[in-house]
Every structure is written in structure tokens, then in C-alpha cells.
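Residue-level structural notes
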Amino acid sequence: MLGNTSDRQRIAQQRLRIIAGHLQGPVDGDSAILAAECKAQGSKTDVCREGKTVPRRRQEIMKWNGWGYSDSKFLFNKKGQAEFTGKRYRLSGMIIPGLKDWMEGTFGANLQHKTPATPLLTSSAVQPATLNKAFLEELKSTGIPFSHDAEDRVFRAHGHCLHEIFALREGKFGRVPDMVVWPNCHNDVVKIVELACKHNVCVIPYGGGTSVSSALECPPEETRSIVSLDTSQMNRILWIDEKNLTAHVEAGIVGQDLERLLNESGYCTGHEPDSMEFSSLGGWVATRASGMKKNIYGNIEDLVIHIRMVTPRGVIEKSCQGPRMSTGPDIHHFIMGSEGTLGVVTEVTMKIRPMPEYQKYGSVVFPNFEQGVACLREVAKQRCAPASIRLMDNEQFKFGHALKPQVSSIFTSFLDGLKTFYITKFKGFDPNRLCVATLLFEGDREKVLQHEKQVYDIAAKFGGLAAGEDNGQRGYMLTFVIAYLRDLGMDYYVIGESFETSVPWDRVLDICRNVKARIIQECKDKGVQFPPLSTCRVTQTYDTGACVYFYFAFNYRGLSDPVHVYEQVEHAAREEILANGGSLSHHHGVGKLRKEWMRDTVSNVGVGMLKSVKDYVDPDNIFGNRNLL
Amino acid sequence: FNLLLPIITLLRRGDLSCSSVVLNPMLKKRDDFEDMLEERRNSSDLRYALRCYTPVLYKGLAPCKASMLKSMVLQSDQLHHVIGQVSRETGRAADDVQEEASAILEEMAHCLQLSTVRFFAFTLSKVFKTLFRSICVNEEGIQRLQQAIQEHPVVLLPSHRSYMDFLLMSYILYTYDIALPVIAAGMDFMGMKFVGEMLRMSGAFFIRRSFGGDKLYWSVFSEYVKTMLKNGFAPVEFFLEGTRSRTSKSLTPKLGLLNIVMDPYLKGEVYDINVVPVSISYERILEEALYAREMLGVPKPKESTSGLFKARKVLSEDYGSIHVYFGQPVSVRSLAQGRVNRCQFNLVPRHIPRRPSEEIQSFVNDSAYRLVRAQEENMVLKPWVLLASLLLQNHHQDQTAGQKRGMVLEELTAQAVWLRDMFREYGAFLHWPGMNTVLSGQVKPGEPHSTVTPEEELLSQAVIVLSCASYRNQGLHVFLRPALLASAINAASSNLKQEVFNSFSFLRNMFSNEFILCPGATVQDFEEACYLLVKTGALQVTQQELLVTERGQRTVAFLTSMLDPFLQGYQVRETLYKMFSPCLVRLCFPGRLRYTEVLSSDLQKNSLAALLRLGAVQKIKA
């Protein structure tokens, strides 16, 4: 069902692009893909858009009160076995026999004790919209689509922090945006921001909505009309430059679309944050995101060549695409990490790379976490880290084990048994201490194999044993489904979350030990009745340090205010991180959740500098989400 | 002064345990004791010494060999750094410095051997049974300790009144199947042939008494202690007071080792450290007469094996019972909560030694005082402590009156009962077996036996008085703050709260070298003293004034006279600061001094330090 001419035109463009992709990019670089004409569309419901994931009405395909696609979730079937529904993931449609025992064993959860979510969103529970009439009138005349439907507004009032999702499941809504607008291109954004300034309306940019820093929460004290600026319809690759290996992309595109579309032309950005299915390019820039394969491709700050951002003062961008410049402080660094407080990122020129010829997963078992960290440190020292290398601690290893799908053949299960026997009995690894590193190699076949050998040789020096491709691959697959698992937990009194930090190498072991212990102690002190899950993994290596992820969950039966307890424990854990030389955040950002530590983190002068930039760029606080400062 | 204010601030600081001390001195719950010698008297010592000993270690760790420990220390980043630094500064080859470090470590390190421990277990059983009637230990404390060892690295902080302490500690831990501690001991023991090595094999490591400027020594030493502690190889034991207290008063804590053991927590190398104060109370101290002589200027005999052998005559005497109380483990983490910003270690590599920041120094200092007070609080007071106090006061009155009457038994009994109730009211930990047995012993300070010269007569008299005084001192901590307040009320020109506080504050400041008074806690101490006196009905506090009640007169008089000897000591010091102690002896003759105690070198030393600190005296180096 096609809407109008511009839609038809765009679809034609996409077809062209896909064909170009099939032809593996023989088309002349500069003219490979033509810039689409940007023309505002009518405000009627958007049509199905081929190859694009995110519709305007996100609730049509995504959960309004949980993670991800509506059709994909964990549940316990009638036999009491866990299964993952849908067709989208490798795990979809499979039975996971170990999950029930793991949940009961780890959390003391019980399938009889359910805490189901409120099934439907009741619009009457949502605050009525405060509309700025004059703004609305002028907006209408631009033809940019907008909505003040309760569902649309609630969907954009939150990220995925535990307290946000918990409240949604209980059907509780705080301050939500008063309306949602869907600009279609850079110029639409310019118009919206101009109008917002003119009528003093608060604008909160919204990309993928995967924030875990309370960044999307509307400040409850905000009295102006709040407009959520949803960038999801600005999702085109405007051009690909094969001579310089860059692509110019609209900032609303989500990670999976960007990669898929580039892949069709034989390229990739290689930027794969765990949230890449839903998070957007603009969001990556605004939070200083990091991708799993940063060892080859770099983090967002290494990937970005040019940024266009619309601010209340006008548009900020650089005048050329030189690969490096000495022109005073890099203005990109005012934009990256600004978390929507300065303006809306509309277009980004990014580095692209030819798609890797060969990919190989791998895994190594270490007798204990200490040895594993020592190995990662050595790998970093020799600068031979594969595209991705992650080290899970023992609890997480067990968790990964619990998520093994039912194996179809006796042979596989026999092999698994044999492996376990070899590692624990023959090699003498203690099943309660061993830990696993998962690896991903990329490049040409020859180099990958060579590289693989180098890494396994180092691992062997630290007592590591190669544990097969399958374990590695499953480790990465779990990255995408783990967020779904939280929803399952929440059905059964289990709440949890992950948070991250970066820390110098000499502190890695100390921080892991101390933060995990602090979580356990705080849970005990706060009256949590069951032992919590407190686990960590090292997910990135750098020359001088590593990124560490903590996972923390507990069974809250018997607590009157579980979210408050959760927040207290997370707060204490963050204090512990900081006291152990960890950073406030490696890539999640500060938002409002971690604001209180900003001053200690960047010093008074640092805060003053950031503040003066904000004061200049946005004197009327149009971008009033109050993140960061 | 708002009485509630400091309590509220304490509460706000999360300092609950401390505030509950302030609020409920009478409700302190303490464990029961169990006599561990009883079993020894009923079963074979040899079997006991040879029994299976399998203590549980921190996190189920396997024990670490002494040689492995040494190589861990020598390979540590910290030591490497310091060796490099020393070699650059002195121009010596790094290997050479490394050798030296290795030699220092060799001299220092313990080499705990179970066989030696078993030998001690056997001999000490024999010795203890002869010397003591009972050795009472609180078993709940032992269980807490066992738990604490499994959770976090443990530091044991026993009080130090006798050479016996450290052997006794290891003996107890061996008996209860708890990991044997490694003990910081003074180098003096090393001088003892054979015995020094025996001690080393039972877990002692030896440190020089002073090594102020020696970077390398400090580095080896601190790394050695930290390596043992943070890996949880063994509980680390040392004496916070640094040396044996000759007066039975707790000594001002020494901070060096405490700084070292807290460091791994502050730098995040361990999650937490449990510090366990241990209070060892002797009914009669082995060294009692020795101490008194020492304080009168008779030099301390050098530690030697032959000396030890000669001292075997003590075996024929009765030293009563010992009470050992293992206190509540104190978590360093909770002590530091809200006091130390651990981020201060973020910007310099942790292995580079640095002077502790002021924040940390004051934290360690305050912690040290808290821990010493925790030791004091759990000291068991025997009836003799009360009697000694009464007899001394009586003796002083006699002295003033120029009489030598002593005390009538009934009167002493009556007073003792009164005092017992008062001790209890103030929250003291009394061991009171029943009146009859109590009064079978001494009644008045004995007369010197044969007198040759007046000086000698005075000396032997003084020995007796000082010994008595040291028993009285055991109970001083119970009354210290109320006594300071009582003296302050006496000294102040009016009853106005502010006046009394000023005079309290002056006295407290003056006596801070003498007693365990944490610097900067004047207001808390004042409130605590007021609280205790009000609670026991001795004092009325109004908006403006402090009034001693009718029934409080006796209490206040008693409290004041507790402090009197010290006050006079300081007064004498003030007038005679240029003189040496021999002059003091002469001064005693005409009976101008009521208190023979003034002769104590300890009192003189403390008062001189106080006067120096207060700027009343200046040190001029000739």
C-alpha cells in the first residue's frame, strides 16, 4: 500500500540500492546512490516501508512495556519448560531446558509466584497533553507528521532502565511528552527547532529509545509543552563514497538497518553495540557509543567523519572531511556525548569498510577469572585483540550454560558431556571457578587463522583451553536475547539490570571483586530475602584498561518497594566502582541517572566549561531533557 | 550545649555503634566465659599437642609456604619500585639493593612450623596449669572470629600487658582450631638465643624498633605485612599500643602498622578487612614488680634466654586467672564509610609508596583510638582492682594525715560493695565471684620489710604503691570521662556549663598523653560524662548549670580523688620541669608530696610530653 509520489520515489531508490548491493558495488562511487528528495509527508499513518525496521507507530511491532519485538519473548510453556517465541533469532522457537532450574536455583524464584504486567495501556491513566497552540498551528502548516496520541507519547517517555520498565508494567506513567513529531529530513528538524525556539517549547530528541541512563525521562518540573522529536523516519543512507570509504547517513537509522543496507553494497561500518537492533546512529553520537568490534573498527568517535547537528543557535558542522584536523578543540567532541542537551544530530558521515571476507567465532576456558584477565591483559599488550574478546566470570558462564537450547541429537549431547568431563576431570578445572572467554575474528581467511593461532597461544600460557566455536557463537547470540530475559524475570519477582564502567588494567580484578561483593552486601543490608545474582564480564580491551560490565538481579519477594531497593544497591555499586578507580560510564552515558557524580568526575571547571557551551548554544533550554549537568 | 546535638551528628554519620555506647553504657551485652584450662587438667597434654589441626582459612585458601611468601614480596611491584628508587638515589647497583632487601626480609620473616606450635602447645599447657587457676575465653567471640576469618582478611589486636600475651593468643587459637596468626614482634626477642628462633617458628616476625628514614626497610616490611594480609594467608596480629603497658593503662596507639594493614582496603585490593580487638586481663601480671621498679628508674633487664631461665621461679607462684575476650570484629570498610574518599588513589599507580593524606592520617588515628577503647571496654575487672583503688585512696589520706592506719576490714568491705555497684552502673565488665573469696587476700598495703637507708625504704614503699596503682589503673577507663568532669566541676570557678566545659576541656587536653582520649572528641566526651553522671543521679544538668546532687557528693569526691595523683604529678612536673627524677625523690621526704605515684617515670614522661605539646616547656638541645 503506497502512500504518495515521494514514497514511491523512495522505494524506487531503495530498490536501486539493493540491486547495487547485489552487484557488489561496481557502480561509480560518487553517484552510487542519489540523495533522496526531502519533502514533508502528510500526517497520516505511515505505510509499510520495505527494508526499514522502525515504523512511526512503534507499538505495532514492539512491546510498549518491555524489551524488543512483540513477537519475541521468553515464557514457560505448559510443561513448565522455558521457550523463546517468534522467528527472529537463532534461539526463536527453541526449548531451553536448563533455564527453569537455573532461575529457581539462582534466585529462589518459583513458577507459582507470578507478577504479570498490566496487559494494556489505559490512555486515561496518561496525563492529558499540555499543548502549545501557536506552536501546533505553525507545525501543522509545515506538514510534518505529529501525534498526541497517548500510546505514542508513553512509548517515548522512557528508556530501558529497570525503574522505567517496572513502572510501565504496573501501568504507572509520570510526566510524558505532550506530542511526538516525526521529521523526515534535516530541513524538517531545522523547522521544528526554529518553531520550538519561537514558541518556547521543550524538545527531547528520541532515537532508538534504548537509553539506560534515564536520559529520556521527562523532567517532572518541566511546565512547557514537551515535544518528543522522533528521528526514526530519517533513516536513509544518502550516499556512499567508495573512493574515500565513507557513507553519509541520516541519523535516525537504526543499527541493523544501517548494517544491512551497507552490506547490500558490500560494506559495513563494523559498529555493533549490543543494542544495535534498535539503537540509532544519532543516539550513538549523542552518547559516545561503543561497539562490540571496536578493536577493528573503533568506537563511534573513531568512526565519525562529519556531523550535522541542529541547535537553537543554528546548524553546527565542519566545512570539510579531512581525516584529522588541528583546528582548536574538536567541535565533534562537544556534540558526542551531549545526550540531547544541545540539539538534534541529523546527518552523519561515517567511515565504512568492505565487508570482512571471513568470520570465525571461538572460545577459551580458563581455570579461573584471574587467569582470564591476565590473558586479556597480555592480548591487549601485544595489541592482537580479535574483533571482539569478552571474558565472562563463573556465574555468567553458568548462566550461559543454562541458556543452551535443547540439542536435537544424542551425539551432540554426548559430545558436550565429553567436553565437560575433559575440562573438569582431566584438566582439573573447578566448575565453580572456571570462566570462559568468547572470541570473534574477522578479516581475510589466512589472517584470521594466523590471528587465531596467536591468540590461542597466548591463552595457553595462562592455562586456557580452546572450547570451540559453538560456545563462542552462543555467547554473542545471547547478547541480543539477554534483554528479553529480564522481562521473563520480571514476570516472576526477579528484577535486574546491567551497568558498565572502564578501568585501568591493574584495577580490573579488584573492581570486579569489590563491586560484586558490594552488591551482595548491600542486598543483604537492604533486606533482600534471597541471595542476588552478582556477576561481571570484561567486554572490551584497550591498551591501558578494559571495559567491565556488571549484571545484577535479585528476587524481590517480601520487599515492599523493590525498585527503591534496587536503586539503592545500584547507587552503592556505582560508588564502589568510582572508589575503585572505575569511570562513571564507558558507553551508556550519564543521563539523569548518574548526573550527581559528574562534578567529581570532570572537576568544577569541567562542569563550568560544559555549562557555558550549553548556555551559549541553547540559552532558553529548548533541549530541556536535563541530562548530564 | 545541646546535649542531643553530638548524638544526632553521630547518628547521621552512621556511627551507630559509637552512639549506642554513649546511650547505653549499662546495656552492653557481653558473652560468657569458658575456662579452657579445665579440659587441659582432665586430658592428656601430649594428645592435645599432637591432635589434628585443620583450621579454615580465608575463602578456603590453601596455606602458603614461608618461602613462597618471601618470593611474592620480593617480586612485588612496590618493592621493585623502591629498589629502583634507592639504587638511583644512592648510585648502588639494583642487584645490590635487591640483595639487601632480601637480607632484610630474611631477618624479618616468620617461618611458622606446626611442629614448633605443637611443642609450645605442650609446654605452655604445663606452664599455664602451674601459673594460672583458669584461662577464660569467650567462645562466642571465637566463633565470630572463625566466621570473620572466612569472610575477610583478619587483623588481631590484643591488648599488651605482658610478654605472655602473644604466646597466649597463639595457644588459644591453636586450641580452638583457628588459623594461627603471624605476629609482629620487636627485634629485642631476636637477641634471645634459640628462643628467638622458636618464636619465629611459631609465627613471630621481627621488626626493628625504629627505621624512620630507611625507605627500603619500610618497603620490605609493609609489603610483607600486606602480602600476608591481603592474600589471607594468616591473620596478622600486632599490638596497637606498640609495647607492654607497664601501668595497666592503655597506651596511646601507634599508627604505623595500623596504617599498613588498612592500606589494602583503602586501595581497593581487598573488599574489606576485619579488625578484632582482643582484651586480655590478668588477675596478676607476671611482670608486676618488674614494672614498678622499671618505672622508678631501675633499668629493664635485657631479654635473654638465661634471664628467662632464671625467671622460672615465678612458676611457684599463683597468678590467678586470665580473661581473654575476643571483641566484635570491626569492619574497616564500615569504619571508613563516609570518612575516606578512596578516589584519592586513582591518579597515581598504587604501588608507588606515598605519605598518607591528612584525611587518611586522621582516619587511622581515630580508628586506633576507637579500637583501643574497644579493648578497654572488654577488659575484665577483678575485685582486686576495686580494692586497690580504695586502699590507695585510703593510703593517700593516711599519708596526708601522717598516719599509717590502713583500713578496717568491714569498712573496706562496705566500700568495696559501694564501689562495685558504682562500677556496674558505669558499665564496667566486672568479674565478681562472691564476697568471701574476695576478701581472703590482701587488706592493706604491706610495710616494707627491712629498711636500710631512707632512700631504699622509699623505693620499696614506692614499688608497692606503684604496683597497687597499676591495678587501680585497670579500672580507670570506666570512670575517666566522669572523673574528668568531676575534677572540672571542682576546678571551675562556678557551676556554669560553659565554665565547667572549659575546665573539662583544659584537663582533657592536658591528659591526652596520659589516657585514651581521642583528639577532637572533646564535645562527645563531655556529653558522655554528663550523660553518665546524670544517669547515675550524681549530677543535674539545667539549661545553664551543672549541679552536683546531694547523693552525688560521694561519687564526685571518689572520682576526683581517682585523678588526683595524676593532677599532682602534672603540677610537680610543671614546677620542676628543669629537674631530673632524682630531685623528685628528695622532694618526697619532707612529705610535701602526697602521692608516691608521682615518682613513676611513665607519669613523668607523659606529663613532660603534655607540657611540651601545650607549649609550657621548650626543648633546647645542648
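Thresholds applied
- Residues numbered from 1 in each chain as written.
- Chains lettered and ligands numbered in written order.
- Predicted model: local features only at pLDDT ≥ 70, side-chain atom pairs only at ≥ 80, totals over all residues.
- Heavy atoms only, no water.
- Contact = heavy atoms within 4.5 Å.
- Buried area = accessible area lost by both parts, 1.4 Å probe.
- Salt bridge = Lys/Arg side-chain N within 4 Å of Asp/Glu carboxyl O.
- Polar contact = N/O pair within 3.5 Å; in protein donor to acceptor, adjacent residues only side chain to side chain.
- Nonpolar A, V, L, I, M, F, W, Y, C, P; charged D, E, K, R; others polar.
- Core = buried A, V, L, I, M, F, W, Y, C linked by side-chain atoms within 4.5 Å.
- Buried < 20%, exposed > 50% of the residue type's maximum accessible area, 1.4 Å probe, protein only.
- Domains from an automatic or database assignment.
- Pairing = 2+ DSSP bridges.
- Helix = DSSP H or I, 4+ residues; strand = E, 2+ residues; numbered from the N terminus.
- Axes fitted to C-alpha atoms, helices over the stretch in contact; angles between N-to-C directions.
- UniProt positions renumbered as here; feature names shortened; annotations may be inferred.
- Expected span 1.5 Å × (residues − 1).

Here the focus is the interface of chain B and chain A. With 13 residues of chain B at the interface, the matching set in chain A holds 13 residues. Summing the contributions of chain B and of chain A, the shared interface buries around 1100 Å²; its carbon and sulfur component is 33%. For chain B, the biggest contributors to the area lost against chain A are Tyr271(B), Arg342(B) and Arg350(B); these three give 51% of the whole. Seen at the junction of chain B and chain A, the total is four salt bridges. In this structure, the salt-bridge partner of Asp506(A) is Arg350(B), at a minimum N-O distance of 3.4 Å. On inspection of chain B and its partner chain A, the count reaches twelve residue pairs in polar contact (both at pLDDT 80 or more). For the side of chain B that touches chain A, the class distribution of residues is four nonpolar, three polar and six charged.

In terms of nonpolar packing, the biggest core is built from 173 residues, with Phe205(B), Phe221(B), Phe238(B), Leu258(B), Phe326(B), Leu485(B) and Phe511(B) touching the most fellow members. Domain assignment of the residues forming this core places at least three in each of domain 1 (62-284 + 319-378) and domain 2 (477-614) of chain B. Leave out the neighbours within four places in its chain, and Leu485(B) touches Val500(B), Phe504(B), Phe526(B), Ala529(B), Cys530(B), Leu533(B), Leu539(B) and Leu546(B). Among the nonpolar cores identified, the runner-up in size contains 99 residues, and Val176(A), Leu439(A), Leu485(A) and Ala573(A) belong to it.

This paragraph deals with the domain arrangement of chain B. All names here are of chain B. According to the domain assignment, chain B contains domain 1 (62-284 + 319-378) and domain 2 (477-614). A separation of 34 Å is found between the C-alpha centroids of domain 1 and domain 2. Taken together, the 13 residues of domain 1 in the interface contact 15 residues of domain 2. Buried area between domain 1 and domain 2, summed over both chains or domains, comes out near 1000 Å², and the portion from carbon and sulfur atoms is 56%. It is Lys249, Tyr369 and Arg373 in domain 1 that bury the most area against domain 2; as a group they hold 53% of the surface buried on that side. Linking domain 1 to domain 2 there are three salt bridges. Residue lysine 249 pairs with glutamate 514 through a salt bridge whose shortest N-O separation is 2.6 Å. The tally of links from domain 1 across to domain 2 stands at three residue pairs in polar contact (both at pLDDT 80 or more).

All names here are of chain A. An order of 4-5-7-6 is seen for the four strands of this open sheet, with the pairing classed as mixed. Each end of this open sheet is capped by a strand with a single partner; those strands are strand 4 (146-147) and strand 6 (202-206). Pairing between strand 5 (residues 179-181) and strand 7 (residues 226-230): three bridges, direction parallel. Counterpart to methionine 179 in the pairing with strand 7 is valine 227. The strands that helix 3 (residues 133-142) touches are strand 4, strand 5 and strand 7; relative to strand 5, the one it contacts most, it runs at about 25°.

For the rest of this paragraph, the subject is the UniProt feature "domain: Phospholipid/glycerol acyltransferase" (unreviewed entry) in chain B. Cross-referencing UniProt, the feature "domain: Phospholipid/glycerol acyltransferase" (unreviewed entry) maps to residues 154-283 of chain B in the present numbering. Along residues 154-283 of chain B the backbone is 35% helical and 19% strand, and the end-to-end C-alpha distance reaches 28 Å.

Another aspect to go through is the UniProt feature "active site" (unreviewed entry) in chain A. Residues and elements named next belong to chain A. In this structure's numbering, the residues bearing the UniProt feature "active site" (unreviewed entry) are Tyr549. Of note, tyrosine 549 is situated in strand 21 (residues 545-555). When near neighbours in sequence (up to four residues on either side) are disregarded, tyrosine 549 contacts Ser498, Phe499, Glu500, Thr535, Cys536, Arg537, Thr539, His587 and His588.

So, on to helix 12 (residues 215-230) of chain B. All names here are of chain B. Between the first and last C-alpha of helix 12 there are 22 Å, a value that for 16 residues agrees with the 22 Å anticipated at 1.5 Å per step. Of all 16 residues making up helix 12, 13 are buried, and the element is well covered by its neighbours. The N-cap of helix 12, judged by a side-chain oxygen 3.2 Å from the amide nitrogen of leucine 216 a few residues on, is aspartate 214. Following helix 12 by one or two positions, glycine 232 adopts a phi angle in the positive range, close to 70°.

This next bit is on the domain arrangement of chain A. Reports often express the size of an interface as the amount of accessible area lost when the parts come together. All names here are of chain A. The domain architecture assigned to chain A consists of domain 1 (237-354) and domain 2 (358-580). Relative to domain 2, the C-alpha centre of domain 1 lies at a distance of 29 Å. Contacts between the two partners involve 13 residues from domain 1 and, on the opposite side, 17 residues from domain 2. Across the domain 1 to domain 2 interface the summed buried area is about 1200 Å²; carbon plus sulfur atoms make up 46%. If you look at where domain 1 meets domain 2, you find two salt bridges. The partner of glutamate 442 in a salt bridge is lysine 293, with the nearest N and O atoms 2.4 Å apart. Here domain 1 is connected to domain 2 by eight residue pairs in polar contact (both at pLDDT 80 or more). Considered class by class, the residues forming the side of domain 1 that touches domain 2 number five nonpolar, four polar and four charged.

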